[in-house]
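Observations on chain architecture
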Amino acid sequence: MTRVTLSCQGNSDRKEFGGYSRKTTVYALIVDDSKPVRSILTKVLESLSFKCHEAANGVEALDQLAHMRRPTIVTLNRHMPEMDGFEFLGRLRRSQQFRDLTVVMISTDSDQASRTAATSLGANAFLAKPFTPSEFVSGLHALGISTETSKPSHTAAVTNPTATPAPTPVPP
């Protein structure tokens, strides 16, 4: 049995983005040094009608943000070369333009210290690897992120202590 937890941290200071429908294009930025993980997350988000942009590290992610439409969500790996997830998240939260983006930190570090560090830096949610695509989607729904919702909520928590991995879990 695998313990899978998605912890979400709310912040009432952050602006909520407006409602949208399937006809409106919503964007996601997927930041992970693992191409297979980026591919899986892209496939899942595209199935929810997101247009996805990918980056292999924080430096590439900053460049992507400068050249893409504002994303609704950023998925962010903790451990990456050049600029790791914590450094990128810190820069994001210090930025006037992007400080209120919804960020899901993804990491193989599932201990409480890592979760606390991620949320204290401003991550809206923390997802431990390995996880299944359906657990990822459930976490998005817990955050209120869906192309079928009109008002996302930045406060939610999803815990599934008895989850068993699907045949194709996202690798660590």
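Residues numbered from 1 in each chain as written. Predicted model: local features only at pLDDT ≥ 70, side-chain atom pairs only at ≥ 80, totals over all residues. Heavy atoms only, no water.

Quick look at the overall build of the protein
- A count of helical and extended segments in the protein gives 5 helices and 7 strands.
- Reading the protein from its N terminus to its C terminus gives the helix and strand order β-β-α-β-α-β-α-β-α-β-α-β.
- The proportion of buried residues among the 172 residues of the protein is 50%.
- The long-range share in the protein, meaning contacts at least 24 apart out of those at least 6 apart in sequence, stands at 69%. (Helix = DSSP H or I, 4+ residues; strand = E, 2+ residues; numbered from the N terminus. Buried < 20%, exposed > 50% of the residue type's maximum accessible area, 1.4 Å probe, protein only. Contact = heavy atoms within 4.5 Å.)

Brief notes about the pairing of strand β5 (residues 102-107)
- The buried fraction of β5 amounts to 6 of the 6 residues, a majority that puts the element mostly inside the structure.
- For strand β4 (residues 73-77) and β5, the ladder comprises 5 bridges, and the chain directions are parallel. If you follow valine 74 over to β5, its bridge partner there is valine 103.
- Following the backbone out of β4, through helix α3 (residues 85-94) and into the adjacent parallel β5, one traces a crossover that is right-handed.
- Across 4 bridges, β5 lies against strand β6 (residues 125-128) in parallel orientation. Following the sheet pairing, valine 104 is matched in β6 by alanine 125.
- Handedness of the crossover is the feature at issue here: the chain leaves β5, passes through helix α4 (residues 112-121), returns alongside β6, and the resulting connection is right-handed. (Pairing = 2+ DSSP bridges. Right-handed = clockwise from strand over helix to strand, strands pointing away.)

A short note on the nonpolar core
- The biggest cluster of nonpolar side chains holds 23 residues, and the ones touching the most others in it are Val31, Val74, Leu76, Phe88, Leu92 and Met105.
- At the level of secondary structure, the elements contributing two or more residues to this core comprise β2 (26-31), α2 (58-67), β4, α3, β5 and β6.
- For leucine 92, the contacting residues outside a window of four places in its chain are Leu65, Phe98, Arg99, Leu101 and Val103. (Core = buried A, V, L, I, M, F, W, Y, C linked by side-chain atoms within 4.5 Å.)

Section: unusual backbone geometry
- Of note, the amide linkage connecting lysine 129 to proline 130 takes the cis form, showing an omega dihedral of -5 degrees.
- Summarising the element assignment, proline 130 is placed in the loop between β6 and α5 (133-143).
- Positive phi, normally seen in glycine, also occurs at serine 49, with a value near 75 degrees.
- Secondary-structure assignment places serine 49 in the loop between α1 (35-47) and β3 (50-55).

Details of the confidence of the model for the protein
- On average, residues of the protein score 76 in pLDDT, and 71% of them reach the 70 mark or higher.
- At the low end of the mean pLDDT range in the protein sits strand β7 (residues 157-160), at 34; at the high end sits β3, at 96.
- Between residues 149-168, whose pLDDT stays under 50, and residues either more than four places distant or in other chains, the model counts 51 contacts. (pLDDT = per-residue confidence, 0-100.)

Side note on α3
- Most of α3 sits inside the fold, with 7 of its 10 residues counted as buried.
- Listed in full, the buried residues belonging to α3 are Gly85, Phe86, Phe88, Leu89, Gly90, Leu92 and Arg93.
- Residues of α3 that are buried make contact with α2, β4, β5 and α4.
- The distance from a side-chain oxygen at the start of α3 to the backbone nitrogen of phenylalanine 86 is 3.2 Å, and the residue carrying that oxygen is aspartate 84. (Polar contact = N/O pair within 3.5 Å; in protein donor to acceptor, adjacent residues only side chain to side chain.)

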